[in-house]
Amino acid sequence: MKKIGIIGGGAMGSGIAQVFAQKGHSVALYDTNQEALYRSKQNLAKTFEKLVAKEKYTEDQAQEIQQNIEYVSDLAAFAEVDLMIEAIVENLEIKQAVFKQVEEIVSDTCILASNTSSLSIASIASACTKPERVIGIHFFNPAPLMALVEIIPAVQTQEGLAEEIKTLIQSVGKLPVITKDTPGFIVNRVARPFYGEAIRILEEGVADTETIDFAMTSLGGFRMGPFELMDFIGHDVNYRVTESVFEAFFYDPRFKPSFSQKRLFEAGYYGRKSGRGFYNYA
Ligand code: NAD
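Residues numbered from 1 in each chain as written. Predicted model: local features only at pLDDT ≥ 70, side-chain atom pairs only at ≥ 80, totals over all residues.

Caption draft 1: Inspection of the overall build of the protein at higher detail. Secondary structure summary: the protein contains 11 helices and eight strands in total. The C-alpha radius of gyration of the protein comes to 19 Å, within 12% of the 19 Å expected for a compact globule of 282 residues. Referenced to the eigenvectors of the C-alpha coordinate spread, the extents of the protein come out at roughly 55 × 45 × 30 Å. The buried share of the protein, taken over its 282 residues, is 41%. (Helix = DSSP H or I, 4+ residues; strand = E, 2+ residues; numbered from the N terminus. Rg over C-alpha atoms; globule rule 2.2 N^0.38 Å. Buried ≥ 20, exposed ≤ 12 C-beta atoms within 10 Å, placed from the backbone.)

Dropping the structure here:
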């Protein structure tokens, strides 16, 4: 697979584009929002300025990698791609509409992947005329730094495709695991009680955010405490994933979302990216 098409130039799409571009793939990065594409390009330039200063890359290599990414505002550029990875908003109807649209443009052999954190790959694939070529490829944030990638074949996915993707993901320096198409896959499912129980501890007044984060980082061995981590991920993303996993497990109370986080989400207090979440960053 030489040419990769990525839909969504936000946090994940931009990071995934960088991962493939660094390994010499040519990447087309598409977004409906021109401003998002501009920001993505600017951020990548800043990243490579730092990497060159740290002597991780030469100036020429940095230029070459950045030139591997083409920022496009017309999906027609996807006619030539071998693999499409979708990284847009976490909403099933919108993702299904995009998969339908992209299927009309790409070649018959193009593989279609979603970076969804919590939606069913089977339901995304069901929107396609060739659902057997659809698969989940779940990178973690920030994609250039996080080694793990979950690969999720749906019930419709053709035999052997997960292995093929696994080889590709290894070739770009990542550590892939294959998992079944169940809500939250492995990591986001195990992580739900980590966040949920921390918020319950806060709500019950057992300890405050700083104390819980301190306990988990200094004694629990985690790099970030649950509140720091939720603020880093963003409550828009993290809350929606919790809600989606809860619904998908037929409202199992183990995965019940909290009002404290819902209110932050509703207020637009998304965490670091908006300047305020559980903590204040202003
Ligand atoms: P984001 O909000 O940073 O970026 C989404 C981008 O998609 C935006 O630039 C937006 O303009 C664009 N977009 C929205 N609708 C579009 C459409 N119809 N066509 C083209 N572009 C469109 O979101 P993100 O954090 O990068 O998340 C993207 C996906 O990756 C989601 O499915 C999310 O669940 C998943 N994910 C997120 C994380 C994370 O920690 N942020 C980690 C793993 C997976």
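That covers the picture; the talk isn't over yet.
Caption draft 2: Here's a closer look at the packing of helix H7 (residues 187-203) against helix H10 (residues 235-248). Their axes nearest at 11 Å, the elements H7 and H10 cross at an angle of 110°. Here H7 lies roughly perpendicular to H10, going by the angle between them. Taking contact as the criterion, the partners of Asn188, Arg189, Arg192 and Tyr195 in H7 are, on H10, Asn238, Val241, Thr242 and Val245. Residue composition of the contact of H7 with H10, by class: three nonpolar, three polar and two charged. (Axes fitted to C-alpha atoms, helices over the stretch in contact; angles between N-to-C directions. Parallel < 35°, antiparallel > 145°, perpendicular 65-115°, else oblique. Contact = placed C-beta atoms within 7 Å. Nonpolar A, V, L, I, M, F, W, Y, C, P; charged D, E, K, R; others polar.)

Caption draft 3: Focus on the domain arrangement of the protein. Domains assigned within the protein are domain 1 (3-178) and domain 2 (188-272). For domain 1 and domain 2, the distance between their C-alpha centroids amounts to 27 Å. For the side of domain 1 that touches domain 2, the class distribution of residues is one nonpolar, three polar and one charged. (Domains from an automatic or database assignment.)

Caption draft 4: Seen up close, the confidence of the model for the protein. Within the protein, residue pLDDT values average 96, and 100% of them lie at 70 or more. With pTM at 0.92, the complex prediction returns an ipTM value of 0.98. (pLDDT = per-residue confidence, 0-100.)

Caption draft 5: Examining the site of the ligand more closely. Of all residues adjacent to the ligand, which total 25 residues, the nearest are Gly8, Gly10, Met12, Ala36 and Asn141. Counting residues per element, the ones that place at least two in the shell around the ligand are helix H1 (11-22) and helix H4 (92-103). A total of three residues in the shell around the ligand trace back to one element, the largest contributor, which is H1. Of the residues in the shell around the ligand, the class split is 13 nonpolar, 10 polar and two charged. (Near = placed C-beta within 6 Å.)

Caption draft 6: Layout of helix H2 (residues 34-53). In a regular helix each residue adds 1.5 Å, so 20 residues correspond to 28 Å; H2 covers 29 Å between its end C-alpha atoms and thus fits that length. Contacts from the buried residues of H2 go to H1, strand S2 (26-30), helix H3 (59-67) and strand S3 (69-72). Backbone geometry just after H2 places glutamate 55 at a positive phi near 60°. (Expected span 1.5 Å × (residues − 1).)

Caption draft 7: The arrangement of the sheet that holds strand S5 (residues 111-114) in detail. Pairing is mixed across the open sheet formed by eight strands, whose spatial order is S3-S2-S1-S4-S5-S6-S7-S8. Strands with a single pairing partner mark the edges of an open sheet, and in this sheet they are S3 and strand S8 (175-178). Recorded for the sheet is a direction-independent mean angle of 25° between the axes of neighbouring strands. Two elements, strand S1 (residues 3-7) and S2, share five bridges in a ladder whose sense is parallel. (Pairing = 2+ DSSP bridges.)

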